[in-house]
Every structure is written in structure tokens, then in C-alpha cells.
Amino acid sequence: MLPFKVVYSPGYDLNLGPHVFPSQKFRMIAEKLLADGIAIPENFIEPEPAADADILGVHTAEWTRKMKNGRLTLSEIMKLEVPYSPELAAACWLAAGGTILAAQEALTDGFGSNIGGGFHHAYPGHGEGFCAIHDVAVAIRRLQADGKIKKAIVVDTDVHHGNGTAAIFADDDSVFTLSIHQLNNYPAYKPPSNVDLDMADCTEDAEYLGALFPAVIKALDEFEPDMLFYVGGADPYLEDQLGGLSLTMRGLQERDRGVFYEARKRNIPVVTTLAGGYAKKVEDTVQIHVNTIEAAKEIAGEFPPQVHL
Ligand SMILES: [Zn+2]
């Protein structure tokens, strides 16, 4: 069993069919965590959809309204790259509620994992790259509003730059954004994060981890965040169809473990979200995400939560 909660809802699955975004992965990850004995059913909790007020903490009233009533323009739908449906909107609100819940749980357990979310390409006023609502930003603003945290760091390891995150928090000194990504990949325009680690095509494990870990350590030591949000992309994997880096499955898990270790060593609660993963075999994407939870379990065992009373 896990010493922390995993947040999951069957509503995360958008049933997109043959689309490159494998939305069935959410269900498959939940099933595999159980099948492999990493988690037990009692570790799972279901989120409520985020309240509109929480969404509006990040997104414009116009975009929030359009997502709710489905009145997106053709160009907005093309930018989003997933077909609009009421189910899509519901799944976005659920994923945001899921990341809020995972963050609340992380306050007491040291870790909280959303088996969804990580929609880091969503901007305040539009969606793009499969991301309509920025669940991580919504959760940060909600926990700040509740007085649970003051400062947060977002460590984004998706192969694609965290453009939405960088744009949302550009003028917000309370949130530190760190993105490690393939330079020569979507999005074409990359608004600056606090730290951008631009990786060359075909970068392998050692070089990638050699760039990531010192940057994470420096950020944690200097910024001293109250919570770390991990956007754990599976797409730096060498078999990924939308990524051009060359990380192995073992390297990806070392990445996860290393980031979690540095955070928990400093008693910083960690919230994990999934982000992208487009391996030729969906089973590989699922395994990489499962490995992230397994890494969290390992580090959680090493650093039990110190509850502040
Ligand atoms: Zn990605």
C-alpha cells in the first residue's frame, strides 16, 4: 500500500478514440497500480470538480465561460488540438479538483498524487496543446488563498516547455517555475520560466539528469518553497512519438526519484501530476507514470511526513 493518497476519477477518460492523446492512460495507470501491488483500493480518493471560483483564480471569465458553454471558435479548437465536448470540460474541472485535492493531501502525507492533470500548456485566456485548464496553477492559487502555502515551485519535466505555467506566473514572485524540455519542439514560443533548461535533440539520461538535479537543488535552497508541484511528463522517453529526447525508462524514474528526494529531504510536500506521454505503445507511457508513483512511494518511505501542529 501507499503512505499517501492517489487521486483518480473515471471521469478523467475523455474517450478520444484513435487520437494521439491516450486518455485511456488514466484508467490504465490506476489499474496497474493495483495490479502490481503498489497501491491498494483504500489509497484511492475521488476528486470533486473544481469550483468555478477556483478556475477563475487563474483563467479569464471569458475562457471559463466558453469552456462551460462550448462556444469556442474554430481557431480556439484547432489550437487546443482536442475536440470540444461537454465531457472534455467536465474532465478539465475534475482534473483541477484532483490537483487541489492531491495538494491538500500532500500537506499531511508529504506526497499527494493526481493520476491526471499536469495541463501545463493552458493559458489564462486560451487552451492549447491538449490543455484547456491549468490544474496546477488552479491548485496553487487555491492553496495560497486558503493560507495553506505561501510559495510554490513547479518542476516541469514534460518534454515540451511549460509555456502556460511560465505565462501565468510571470509576474508572480510567490511561484518559481522550472522547466526542463527539448528546445527544438512545441511550443514554438516559450515564454521564460524562472529557470529554463533547454535540452538538445536526443539528449540522454546522464546529461539530462546532470542538468536537472543541480538546478532543482539551487531553486529549493534559494527559493525555499512551501510545496513542490511536479509535472511528470512521460514524453522525454526515447520511444515517444511527440518527443525528441532519448531518456530510458530507468533514467526517467531516476529523474522522479531525484526530484522527490531533494524536496522531501527539505520537508517540502510534493504533489505529482502526469502531463504528456505518447509512446508508440501506450503500455510504455502507463509504465513510466506508474514508475513515478513507485518512486514517490520509495522516497515517502525514506522521509515520513513531519506534521506541524
Ligand atoms: Zn508534453
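Structure shown above.
Small disclaimer: the values here were computed from a predicted structure and weren't measured.

Enquirer: Tell me what's going on with the overall build of the protein, and back it up with residues and numbers.
Expert: On a plain count of helices and strands, the protein comes out with ten helices and eight strands. The C-alpha radius of gyration computed for the protein amounts to 17 Å, which stays within 12% of the reference 19 Å derived for 309 residues, consistent with globular compactness. Its C-alpha atoms give the protein principal-axis dimensions of about 50 × 45 × 40 Å. For the protein, the proportion of its 309 residues judged to be buried stands at 60%. Counting only contacts in the protein whose residues sit at least 6 apart along the sequence, the fraction spanning at least 24 positions is 76%. Approximately 12,200 Å² of the protein is accessible, and the part contributed by carbon and sulfur atoms is 54%.

Enquirer: Hey, could you go over the side chain of Thr157 for me, with residue numbers and the actual values?
Expert: Positionally, Thr157 belongs in the loop between β4 (152-156) and α7 (163-168). For Thr157, a relative accessible area of 0% corresponds to the buried category. Look past the residues within four positions of Thr157 in its chain and what remains in contact with it is Ile180, Tyr208, Leu212, Tyr230, Val231, Gly232, Gly233, Pro236 and Arg255.

Enquirer: Which residues make up the coordination of the zinc ion, and what are the values?
Expert: The protein atoms that coordinate the zinc ion are Asp158 (OD), Asp158 (OD), His160 (ND1) and Asp235 (OD), at distances spanning 1.9 to 2.7 Å. Geometry at the zinc ion is irregular, judged from its four donor atoms and the angles of 53 to 153° they form at the metal. In terms of primary sequence, the donors binding the zinc ion are separated according to D-x1-H-x74-D. Placement of His160 in the loop between β4 and α7 and of Asp235 in the loop between β7 (227-231) and α9 (249-265) is noted, with a sequence separation of 75 residues between them. You'll find His160 and Asp235 in the same group, each marked buried.

Enquirer: I'd like a rundown of the packing of helix α3 (residues 61-69) against helix α5 (residues 86-109), residues and numbers included.
Expert: Their axes nearest at 8 Å, the elements α3 and α5 cross at an angle of 130°. Of the possible angle classes, the one that applies to α3 and α5 is oblique. Facing α3, whose interface residues are Thr64, Met67 and Lys68, α5 presents Leu88, Ala89, Cys92 and Trp93. Taken together, the residues that form the contact of α3 with α5 break down as five nonpolar, one polar and one charged.

Enquirer: Describe α3, and please don't skip the residues or the numbers.
Expert: Buried within α3 we find Trp63, Thr64, Lys66 and Met67. Buried positions in α3, seen along its axis, are confined to an arc of 165° and lie on one side of it.

Enquirer: Go over the pattern of salt bridges, please, and point to the residues and values.
Expert: A side chain of one charge can pair with a side chain of the opposite charge if their charged atoms are brought near each other. One pass over the full model with this rule turns up 15 salt bridges. When the shortest N-O distance is used, the salt bridge between Asp221 and Arg266 registers 2.8 Å. With a gap of 45 residues between them, Asp221 in helix α8 (residues 205-223) and Arg266 in the loop between α9 and β8 (270-273) connect regions that are remote in the sequence. Overall, the relative accessible area of 44% leaves Asp221 in the partly exposed class. In this structure, Arg266 and Glu262 form a salt bridge, with 2.8 Å as the shortest nitrogen-oxygen distance. Judged by its relative accessible area of 11%, Glu262 is buried. By sharing partners, the salt bridges in this structure join Asp221, Glu262, Lys265 and Arg266 into a single network.

Enquirer: Can you break down the pairing of β8 residue by residue, with the values?
Expert: For a regular strand, side chains alternate in direction, first toward one face of the sheet and then toward the other. Residues Val270 and Thr272 line one face of β8 and the alternating positions Val271 and Thr273 line the opposite face, and both faces are buried. Inspection of the sheet shows β7 paired to β8 by four bridges, in the parallel sense. The partner of Phe229 across the bridge, within β8, is Val271. Crossover β7 to β8 through α9 is right-handed.

Conventions and cut-offs
Residues numbered from 1 in each chain as written. Predicted model: local features only at pLDDT ≥ 70, side-chain atom pairs only at ≥ 80, totals over all residues. Heavy atoms only, no water. Helix = DSSP H or I, 4+ residues; strand = E, 2+ residues; numbered from the N terminus. Rg over C-alpha atoms; globule rule 2.2 N^0.38 Å. Buried < 20%, exposed > 50% of the residue type's maximum accessible area, 1.4 Å probe, protein only. Contact = heavy atoms within 4.5 Å. Areas by Shrake-Rupley, 256 points an atom, 1.4 Å probe, with all protein chains shown as cover. Donors = N, O, S within 2.8 Å, 3.2 Å for Na, K, Ca; no water. Tetrahedral: all angles 85-135°; square planar, octahedral: opposite > 155°, others 65-115°. Axes fitted to C-alpha atoms, helices over the stretch in contact; angles between N-to-C directions. Parallel < 35°, antiparallel > 145°, perpendicular 65-115°, else oblique. Nonpolar A, V, L, I, M, F, W, Y, C, P; charged D, E, K, R; others polar. Arc of directions from axis to C-beta. Salt bridge = Lys/Arg side-chain N within 4 Å of Asp/Glu carboxyl O. Pairing = 2+ DSSP bridges. Right-handed = clockwise from strand over helix to strand, strands pointing away.

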